[in-house]
Amino acid sequence: MARLFGTDGVRGKANTELTPELAFKLGKAGAYVLGKGQEKAKIVIGKDTRISGDMLEAALAAGICSMGVDVLKAGVLPTPGIAFLTRTLEASAGVVISASHNPYEDNGIKFFAGSGFKLSDELEDEIEDTLKRIDELELPSGGDIGSIVEVENASEKYAAFLKKTSVSLKGLKIILDCANGAAYEVGPKVLADLGAEVIPLYNQPDGININVHCGSTHPEALAKEVLQHGADLGLACDGDADRIIAVDENGNILDGDAIMVICARALKDKGKLAHDSLVVTVMSNMGLHKALRKAGIRILETKVGDRYVMEKLLESGAILGGEQSGHLIFLEHNTTGDGLLSGLQLLSVIKEKKAKLSELAKQMKRFPQVLVNTSVCSKDKIMQNEQVNLKVREVQESLGEDGRILVRPSGTESLIRVMLEGPDQQELTRLAEEVIKVVSIVDQNDLG
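Per an unreviewed UniProt entry, the protein chain is named Phosphoglucosamine mutase, and its organism is Dehalobacter restrictus. Under Catalytic activity (unreviewed entry), UniProt gives the following word-for-word description of the protein chain: "alpha-D-glucosamine 1-phosphate = D-glucosamine 6-phosphate". Turning to the protein chain, the UniProt record has this under Function (unreviewed entry): "Catalyzes the conversion of glucosamine-6-phosphate to glucosamine-1-phosphate."

This is how it looks when you write it as structure tokens:
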């Protein structure tokens, strides 16, 4: 049986792959493992705005209660809000029902430990092993069955926490794209409470419009609105609001790399960037590397995935890291990627520097980048193939010091991802096509 937990919890099509039956069993197994040895354990549950959220929440809560563990229902709240509540309410664990930036048909279940950090592989494996023998577990009865309690003012608690991390935003006109997702209420409220003029965008969720042509994966609509309203900037969350993408006053889109450069340099200027270090993944743009080397900031690199960023942060003692996608971790404030919090840190720099976002963005000159995916039968065979590796080395020699190539297997699909960076977009496209051609020939030969 394939591992149930992927790179970010358990995901699948709601009601076909991720069924209420599976959610019920995950609730039982999760409660058994994470509530073990505690006199009266409790688990916080939150969700985004997907139509399947209520169904999965009911099944998950029933499973948790059947193991004698109480459920604290927080309702619709960003993923990082659940991480925050889990540790501040001293719960045994937290669970978020969300598929992040995926379409509404998908959903997911991810757990947080009582510390507010995502679970280790070992704990996820223990939950999976427990799931396989779920019918053997001893069930409580009578007064030992768990109960469900609504968390009072869950959104307000999280909002109060966010506001403490920021300065006054008075004088800023901000457009916030909520992706019709989990930040649709708390996001605009926090910005307004801090004094900003806020124009909310895509903040009318109906259960099926989450991430539809909006949010951090589609910031083009936000860019148009920023120009139309003459706003100082725009911010776009994804469905569960653990990512953020920014748009400057001229409609230019700034990804996670650009935001990290701005925030890392500002923290270093104040002597607050621990170890003068930033953690990024191998996908971060070469422009980030050049900008931060110039600023005397050490870059620690990891594999793609926020869990690897977190591991490196904890291992190195650094406090800031993230991904190009906008999944940024400010470890001094929260234990997971937090879109709204990251946006507030960026806004605080703008206010403190009394600068326009476009001016701050000039600190990093982005290198042209080409990303191409191709389906293959065996990712491992492609990655180990000498023809492919020879072509990759040839392309790297062609690019020299002013460019790079990265070929890697997808963590979730049967795809090979090819990324090239360098000064000439057309040349990068040509070279990417050459690499893909070699990969396809090798794959076809392997099939034959």
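Here we take up the UniProt feature "binding site: Mg(2+)" (unreviewed entry) in the protein chain. UniProt feature "binding site: Mg(2+)" (unreviewed entry): in the numbering of this structure it lies at Ser100, Asp238, Asp240 and Asp242. What stands out for the annotated residues spanning 143 residues is how close their C-alpha atoms remain, the widest pair being 7.9 Å apart. Mapping Asp238 onto the fold places it in the loop between strand 9 (233-237) and strand 10 (244-247). Setting aside residues up to four positions removed in sequence, Asp238 forms contacts with Ser100, His101, Cys178, Ala179, Asn211, Ser216 and Arg243. A polar side-chain atom of Asp238 sits 3.0 Å from the main-chain amide nitrogen of Ala241. Along the polypeptide, Asp240 turns up in the loop between strand 9 and strand 10. Its relative accessible area of 0% is what places Asp240 among the buried residues. Setting aside chain neighbours within four positions, we find Asp240 in contact with Pro78, Thr79, Pro80, Ser98, Ser100, Lys110 and Ala182.

Within helix 6 (residues 186-193) the residues assigned to the buried category are Val186, Gly187, Pro188, Val190 and Leu191. Where the residues of helix 6 are buried, they touch helix 5 (154-164), strand 7 (173-177), strand 8 (197-201) and helix 11 (339-353). Gly195 sits one or two positions beyond helix 6 and adopts a positive phi of about 100°.

As a further point, take helix 1 (residues 20-34). Over its 15 residues, helix 1 extends 20 Å from the first C-alpha to the last, a length consistent with the 21 Å expected when each residue adds 1.5 Å. Within helix 1, burial applies to Leu22, Ala23, Leu26, Gly27, Lys28, Ala29, Gly30, Ala31, Val33 and Leu34. On the buried face of helix 1, the contacting elements are strand 1 (10-13), strand 2 (42-47), helix 2 (53-65), strand 4 (93-97), strand 5 (106-113) and helix 4 (121-132).

Attention now goes to unusual backbone geometry. For Ser100, which is not glycine, the phi dihedral falls at a positive 55°. Turning to its location among the elements, Ser100 is positioned in the loop between strand 4 and strand 5. The class for Ser100 is buried, based on a relative accessible area of 3%. Although it is not a glycine, Ala241 sits at a positive phi angle of roughly 60°.

Now for the UniProt feature "domain: Alpha-D-phosphohexomutase alpha/beta/alpha" (unreviewed entry) in the protein chain. UniProt records the feature "domain: Alpha-D-phosphohexomutase alpha/beta/alpha" (unreviewed entry) for residues 3-136, 157-251 and 255-366 in the present numbering. For residues 3-136, helix accounts for 37% and strand for 22%, while the C-alpha atoms at its two ends are 21 Å apart. Structurally, residues 255-366 is divided into 48% helix and 14% strand, and its ends, taken at the C-alpha atoms, are 10 Å apart.

A word on the domain arrangement of the protein chain. Here the domain parsing of the protein chain yields domain 1 (10-152), domain 2 (156-362) and domain 3 (369-446). Opposite the eight residues of domain 2 that make contact, domain 3 presents 10 residues. A buried area of about 700 Å², summed over both sides, lies between domain 2 and domain 3, and 52% of it is on carbon and sulfur atoms. Considering only the surface of domain 2 that becomes buried against domain 3, Val282, Met283 and Met286 emerge as the three largest contributors, covering 65% of it. There are zero salt bridges connecting domain 2 and domain 3. Our count for the contact surface shared by domain 2 and domain 3 stands at five residue pairs in polar contact (both at pLDDT 80 or more).

Core analysis: the largest hydrophobic core is formed by 68 residues, its most contacted members being Leu169, Ile174, Leu235, Leu278, Leu346 and Leu347. The element that contributes the greatest number of residues to this core is helix 8 (residues 256-269), accounting for nine residues.

Packing of helix 5 against helix 11 leaves a shortest axis separation of 9 Å and a crossing angle of 25°. In terms of their interaxial angle, helix 5 and helix 11 are classed as roughly parallel. Remark: the crossing between helix 5 and helix 11 carries right-handed chirality. For the pair formed by helix 5 and helix 11, the contact residues are Tyr158, Phe161 and Leu162 on the first element and Leu340, Leu341 and Leu344 on the second. Considered class by class, the residues forming the contact of helix 5 with helix 11 number six nonpolar, no polar and no charged.

Cut-offs used in this document
Residues numbered from 1 in each chain as written. Predicted model: local features only at pLDDT ≥ 70, side-chain atom pairs only at ≥ 80, totals over all residues. Heavy atoms only, no water. UniProt positions renumbered as here; feature names shortened; annotations may be inferred. Helix = DSSP H or I, 4+ residues; strand = E, 2+ residues; numbered from the N terminus. Contact = heavy atoms within 4.5 Å. Polar contact = N/O pair within 3.5 Å; in protein donor to acceptor, adjacent residues only side chain to side chain. Buried < 20%, exposed > 50% of the residue type's maximum accessible area, 1.4 Å probe, protein only. Expected span 1.5 Å × (residues − 1). Domains from an automatic or database assignment. Buried area = accessible area lost by both parts, 1.4 Å probe. Salt bridge = Lys/Arg side-chain N within 4 Å of Asp/Glu carboxyl O. Core = buried A, V, L, I, M, F, W, Y, C linked by side-chain atoms within 4.5 Å. Axes fitted to C-alpha atoms, helices over the stretch in contact; angles between N-to-C directions. Parallel < 35°, antiparallel > 145°, perpendicular 65-115°, else oblique. Left-handed = near helix turned anticlockwise from the far one by under 90°. Nonpolar A, V, L, I, M, F, W, Y, C, P; charged D, E, K, R; others polar.

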